[in-house]
Each structure stands twice: as structure tokens, then as C-alpha cells.
Number of protein chains: 2
Amino acid sequence: MGKKGLLLIISGPSGAGKGTIVKALQREIPTLIVSISATTRQARGGEVDGVDYFFLERDIFNKMIDEGQLLEWAQVYGNYYGTPRHFVLEALERGNDVILEIDIQGALQVKKKLPEAVLIFIAPPSRTELQQRLFGRKSDSREEIEKRLQCMAGEMKLAAGYDYIVVNDSIRRAIDNIRAIILAEKCRTWRLQPIIDHLSQLGG
Amino acid sequence: MGKKGLLLIISGPSGAGKGTIVKALQREIPTLIVSISATTRQARGGEVDGVDYFFLERDIFNKMIDEGQLLEWAQVYGNYYGTPRHFVLEALERGNDVILEIDIQGALQVKKKLPEAVLIFIAPPSRTELQQRLFGRKSDSREEIEKRLQCMAGEMKLAAGYDYIVVNDSIRRAIDNIRAIILAEKCRTWRLQPIIDHLSQLGG
């Protein structure tokens, strides 16, 4: 092929279904690579280094920040998380499409560095539906859920900076829409300058 | 649904396969409406008024131009051709997606009036391939074919103003790409302001 892959960034409020969708995409599109984040937090039970995260010492992480080796990074509850630049760019160069599942702040950081990135926001079909899903998970306290719902209101305003919004009213439909976005983005005129140049040549 | 349909405009050089692709899309997507052009030229054998074209007298056509009833129009070899505004807008309001198969000049006229229109340029995979297809049709003279190839070089420069380029290296793949573009365009953030507004509300 010789064609660069597509960088997709997926964000969305907790409970919108990002994780399920990304796992399904990975299953259905074998050439799709899901980026692995680096973090300074301790591995939890069952988490594997290089699979779930790259678990790094704080000084290594700091060095990566200083050397510009992270496409984006953030500190959350005292731990650092970031996206290793090399991992992503290498996969794109090989022609693989790459998915980053990161938060909005991170997504906007990456878009600044790599404007060709495609930002997809996964939204729940409604506030009520999200509320029900969060309560249904039973893993969060009522207080935590209320905080998440409030958080979403603010996030949705930032979602206006995204290229696409995929409403997750059905997992199947959401996946089909993202697959369509991947195909469609590869047809965008500004990504196809070589074929335009070839066909605009005069003479055989 | 209550949602407006999508307006797709398809153009491309003669021999790129527009006609075949549009017919296949119409077969596969029953709710898709292909716009019927108005023309002042005489109906040819087998052509049906209201199916192939709306065949109009010159004075009616002029009146439609004066009253702004055409989304675009052009004069070709002494005959007038145009896209009736009412037919297209009514279908879009009903929620149907509408396809216009028109030339680049017309497409750019429509895009000015309806910026939400999606412009798709069907391109042959290469100059050589297009040449072979045109010779293969046997309906055009060698002179005519040479003129068309020259014409394409100029057209490709204008194609830079299109949203998408679909390279027709295989009819099946071209159709799948256009179906993907339809799905993807419906997820574009700027088309989804109502869901953003709903989810950004604070409180229940």
C-alpha cells in the first residue's frame, strides 16, 4: 500500500460505552492497533506491562515529557498518564490505523500536534440513559455518578471541537458508524493529493 | 426521525463510472432519491418525462431561472439543463437522502447555495485505466476520447474543492465507500447540535 494509517481518537463520558466499542473494533478490524498508554501508577491485579499499560518509573516518564516523546499526557489523582509518540507514529507509518482512547484534554493536545487525527466523541443517547447505565454498573457510588453526570455537561461543550459524534444508542450501530468514518476519512480530498496530481497531468 | 436528509453531489469525468455507481446505490438504498434534471432538449427514444428528465419548454425553463427555482443550471450545445430546487428540498425535508449527478460547475453552484451538500468526485484509478475504459465503450470516436482525457486534467484541479474523492478501482469498493461517506457525514459534529445541546444541560 505505502499509505499512512489513520489516527482515530475516541473520547466520551464514563458510561457512554467507549471501552466496549474499542474492543469490538479491535476484534473486527485485525489491522487496527489500539495505542497503549504509559503510566506511573502501580499495576493492578491482572494488568500486564506492555498490554494494558506501559508501567514506568516517574523519572522515566518525566524524561519522556522533556524529550517530547509523549503525544499528550496528564496527571490524574497524583499519577501520570500519557501516549507514547513513537508507538503511535510507527504503527501509522506501517499503514496501520491506530485508535487512542483518551480524554478530551488529551485529544485536543494530540489534534494540535497531528491535525490529521480524527476526533470521535462517543455520546450516550440521552442523560436519562447514561444515568441508568451508570447506576446499572453498581461499581460507582451515587455521589460519584452525580459527579460524572455534571462532568458530562461540561464535556459536551468541548465535544463541539470533535470531528464526529457517534451516539451509542446501539453498540452495533455505533461500531458501524465508526467503521464508516474510517472508510470515509480515507476518501477525504485533502488526504488524496497524489491521485489528484497524477490525474491532472496532461498527456499520457 | 424528523431529521433532514443528506444532499450528495456526485461528479467525475466521463468513463469514471458515475452512472453505474448511482444506479447501484439507488438499488441498495431504497430511501435514496436520485434527483431528476430539467432540460429543454427533446426526449430521445425511450426517455420518459418525469423519470429520465423533466422535459420543459424554453420559456418555462427561463421562468424557473428567473424565479430562482433551479439549484444550478447550464447551457450545453444549445440546450438547457438544470436541477429543480423544489424536488430536491422537499425530499430532504421528508428525511430522504438525495443524490445529484451533475458536472463540477453545477456542483460548485449548489454548494454555494447549500453548503451542507456533500461533494463526491468519482475518479478513475489512473489515466491509462480511463483511456482503456473509454476505448472499450466503442461509442466515442478517438478524437472525442482524446478531448475527454484532456478535459479530465482540468477537472481534477477543480476536484480539490470537493469533500471526497472516491477512486473507482472496483465498483463494489466505490459503492461501499460512498455508503460509508453517507453514514459518516450524518455523524459530523456540526450536524448534531441538538444532541450536544441536550447533553450539555445541567440537571435532569
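The structure presented is a predicted model; accordingly, all values stated were derived computationally and were not measured.

### Section: the overall build of chain A
Each helix and strand counted, chain A has eight helices and nine strands in total. Counting only C-alpha atoms and orienting by the principal axes, one finds that chain A spans roughly 70 × 45 × 30 Å. Buried positions account for 46% of the 204 residues belonging to chain A. Within chain A, contacts between residues separated by at least 24 positions form 66% of all contacts whose residues are at least 6 apart in sequence.

### Thoughts on the UniProt feature "domain: Guanylate kinase-like" (unreviewed entry) in chain A
What UniProt calls "domain: Guanylate kinase-like" (unreviewed entry) maps, in this numbering, to residues 5-183 of chain A. Between the first and last C-alpha atoms of residues 5-183 of chain A the distance is 11 Å; the span itself is 45% helix and 21% strand.

### Focus on the pairing of strand β1 (residues 7-11) of chain B
Residue and element names in this part refer to chain B. In terms of burial, β1 is largely enclosed, as five of its five residues are buried. In β1, alternate side chains face the same way, and those of L7, I9 and S11 on one face and L8 and I10 on the other are all buried. Pairing analysis gives four bridges linking β1 to strand β8 (residues 118-123), with the strands arranged parallel. Residue S11 lies in a different strand from β8, and its bridge partner there is F121.

### A few points about the sheet that holds strand β4 (residues 54-55) of chain B
All names here are of chain B. Strand order in the open sheet formed by four strands is β4-β3-β6-β5, with mixed pairing between adjacent strands. If you trace the sheet from one side to the other, it starts and ends with β4 and β5 (70-76), each paired once. The pairing of β5 with strand β6 (residues 79-84) spans six bridges and is antiparallel. When the sheet's bridge partners are listed, E72 is paired in β6 with T83.

### Description of the packing of aromatic side chains
Residues and elements named next belong to chain A. Per the counting criterion, the structure on display carries 12 aromatic pairs over all chains. Aromatic pair F61 and Y80: ring centres 5.5 Å apart, planes at 45°, arrangement tilted. With a gap of 19 residues between them, F61 in helix α2 (residues 58-66) and Y80 in strand β6 (residues 79-84) connect regions that are remote in the sequence. For F61, a relative accessible area of 0% translates into the label buried.

### Quick look at unusual backbone geometry
Even without being glycine, Y77(A) reaches a positive phi, approximately 45°. Structurally, the position occupied by Y77(A) is in the loop between β5 (70-76) and β6.

### Some details on the side chain of T189(A)
With respect to the helices and strands, T189(A) occurs in the loop between α7 (171-185) and α8 (193-200). With residues up to four places along the chain from it excluded, the contact list for T189(A) reads I196(A), A159(B), A160(B), Y162(B), D163(B), Y164(B) and I165(B).

### Side note on the nonpolar core
Ranked by size, the top nonpolar core spans 48 residues in total, and within it L25(A), I120(A), I178(A), L25(B), I120(B) and I178(B) carry the most contacts. Once residues lying within four places of it in the same chain are set aside, the contact partners of I120(B) are L8(B), I9(B), I10(B), S11(B), Y162(B), Y164(B), V166(B), I178(B) and I181(B).

### What about the UniProt feature "binding site: ATP" (unreviewed entry) in chain A?
Residues and elements named next belong to chain A. When the UniProt feature table is mapped onto this chain, "binding site: ATP" (unreviewed entry) is found at G12, P13, S14, G15, A16, G17, K18 and G19. Of note, G12 is situated in the loop between β1 (7-11) and α1 (18-28). Residues in contact with G12, not counting those within four places in the same chain, are K18, F121, I122 and E155. With respect to the helices and strands, the residue A16 is situated in the loop between β1 and α1.

### Some details on the interface of chain A and chain B
The interface is formed by 38 residues belonging to chain A together with 38 residues belonging to chain B. Taking both partners together, chain A and chain B bury about 3,100 Å²; carbon and sulfur atoms supply 66% of that area. Ranking the residues of chain A by area buried against chain B places R127(A), I165(A) and L199(A) at the top, with a combined share of 21%. At the boundary of chain A and chain B, one finds zero salt bridges. The tally of links between chain A and chain B comes to 14 residue pairs in polar contact (both at pLDDT 80 or more). Those elements that place two or more of their residues in the side of chain A that touches chain B are α6 (142-158), β9 (164-167), α7 and α8 of chain A. Take the side of chain A that touches chain B: its biggest share by element is seven residues, from α7(A). The residue makeup of the side of chain A that touches chain B, split by class, is 23 nonpolar, nine polar and six charged.

### Some thoughts on the pattern of salt bridges
Residue and element names in this part refer to chain A. Under the criterion given, the structure shown has 30 salt bridges over all chains. E28 is paired through a salt bridge with R172; the nearest N and O atoms lie 2.7 Å apart. Taken together, the positions of E28 in helix α1 and R172 in helix α7 put the pair 144 residues apart, joining distant regions of the chain. In this structure E28 comes out as partly exposed when scored by relative accessible area, which is 26%. Among the residues examined, R172 registers a relative accessible area of 41% and is labelled partly exposed.

### Some remarks on the packing of helix α5 (residues 127-137) of chain A against α6(A)
Residues and elements named next belong to chain A. With their axes 10 Å apart at the nearest point, α5 and α6 run at an angle of 150° to one another. Judged by the inter-axis angle, α5 sits roughly antiparallel to α6. Seen from above, α5 lies across α6 with right-handed handedness. From α5, R127, L130, Q131, L134, F135 and R137 reach across to α6, where they touch R142, I145, E146, R148, L149 and M152. Considering only residue class, the contact of α5 with α6 consists of six nonpolar, one polar and five charged.

Parameters at a glance
- Residues numbered from 1 in each chain as written.
- Chains lettered and ligands numbered in written order.
- Predicted model: local features only at pLDDT ≥ 70, side-chain atom pairs only at ≥ 80, totals over all residues.
- Heavy atoms only, no water.
- Helix = DSSP H or I, 4+ residues; strand = E, 2+ residues; numbered from the N terminus.
- Buried < 20%, exposed > 50% of the residue type's maximum accessible area, 1.4 Å probe, protein only.
- Contact = heavy atoms within 4.5 Å.
- UniProt positions renumbered as here; feature names shortened; annotations may be inferred.
- Pairing = 2+ DSSP bridges.
- Phe/Tyr/Trp six-rings, centres within 6.5 Å; stacked < 30°, edge-to-face > 60°.
- Core = buried A, V, L, I, M, F, W, Y, C linked by side-chain atoms within 4.5 Å.
- Buried area = accessible area lost by both parts, 1.4 Å probe.
- Salt bridge = Lys/Arg side-chain N within 4 Å of Asp/Glu carboxyl O.
- Polar contact = N/O pair within 3.5 Å; in protein donor to acceptor, adjacent residues only side chain to side chain.
- Nonpolar A, V, L, I, M, F, W, Y, C, P; charged D, E, K, R; others polar.
- Axes fitted to C-alpha atoms, helices over the stretch in contact; angles between N-to-C directions.
- Parallel < 35°, antiparallel > 145°, perpendicular 65-115°, else oblique.
- Left-handed = near helix turned anticlockwise from the far one by under 90°.

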